[in-house]
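# Geometric and topological summary
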Amino acid sequence: PLVYDMTLPGGSYNPTSTAGKDGDVNGSYNYTSTPYLETLATALGLPSGAHPRTMCAWIKLASYPSTGAWMSITAYGPNAGNQQSTLTLYNNVGTTVASMDIESGTEFVRGTSNIPLNSWSHICASVDTTKTAKIYINGKNEGTSTLSSIATVSSTKLYISADSTPGQIPFNGA
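This write-up is about the structure you can find in this document. (Residues numbered from 1 in each chain as written. Predicted model: local features only at pLDDT ≥ 70, side-chain atom pairs only at ≥ 80, totals over all residues. Heavy atoms only, no water.)

### Topic: unusual backbone geometry
For residues that are not glycine, phi is negative in most cases, and the peptide bond is trans in most cases. Although it is not a glycine, N118 sits at a positive phi angle of roughly 55 degrees. Structurally, N118 can be placed in the loop between β9 (107-110) and β10 (120-127). (Helix = DSSP H or I, 4+ residues; strand = E, 2+ residues; numbered from the N terminus.)

### A look at the pattern of salt bridges
Across all of its chains, the model carries 2 salt bridges by this definition. Taking the shortest distance from any N to any O, the salt bridge between K140 and E142 comes out at 4.0 Å. (Salt bridge = Lys/Arg side-chain N within 4 Å of Asp/Glu carboxyl O.)

### With respect to the environment of G94
Here G94 is to be found in the loop between β7 (85-92) and β8 (95-102). Each C-alpha atom of the pair G94 and G68 lies 8.5 Å from the other, and the pair is 26 residues apart in sequence. Dropping the residues within four chain positions of it, G94 is found in contact with T67 and N114. (Contact = heavy atoms within 4.5 Å.)

### Concerning the pairing of β7
Across the 8 residues of β7, 7 count as buried, placing the element largely inside the fold. Where strand β6 (residues 70-76) meets β7, 6 bridges bridge the pair, whose relative direction is antiparallel. Within β7, the position partnered with W70 by the bridge is Y90. (Buried < 20%, exposed > 50% of the residue type's maximum accessible area, 1.4 Å probe, protein only. Pairing = 2+ DSSP bridges.)

### Considering the state of the cysteines
According to the stated counting rule, one finds 1 disulfide in the structure shown. Shown here is the disulfide that connects C56 with C124, its sulfur atoms set 2.0 Å apart. Disulfide C56-C124: torsion about the S-S bond near 115 degrees, hence right-handed. Taken together, the residues C56 in strand β5 (residues 53-60) and C124 in strand β10 connect sequence positions 68 residues apart. Residue class for C124 comes out buried when judged on its relative accessible area of 12%. (Disulfide = S-S within 2.5 Å.)

So, in structure tokens, the structure goes:
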């Protein structure tokens, strides 16, 4: 596992603890439309260059983004020059689906099932050396896409409840 000190850019923020997916007390953090967290320093150990990567999270969504909008669950890499990988939720005309976006949506793989509110869901997205991206919701493959490139992250911070794009919608839930 990666262990890093997290900070709120421009101030301090402590998300509230809540019961985790397995019911364990304080097993999760609740993000309720609040600012995001980022690592204080470059997050070492994350895939760099055009190496394969997998991003996964257990989420309990509290509210949906508006139609056509997205909210980030986690991300790493600067939002420039094809360097960012983001695990997001995207509202596709009333159906909020999970997505793995490369460079803010220019290339992506999206699921098809609506992510339920107030219920735990396991979301994983991966991209391999052949540039095949897949998205899984609760273990079921919900989408496959061939990308023209893989984000070429060099060194970066890890973001939780956001990505490096200013003004984007923070994740709302646990």
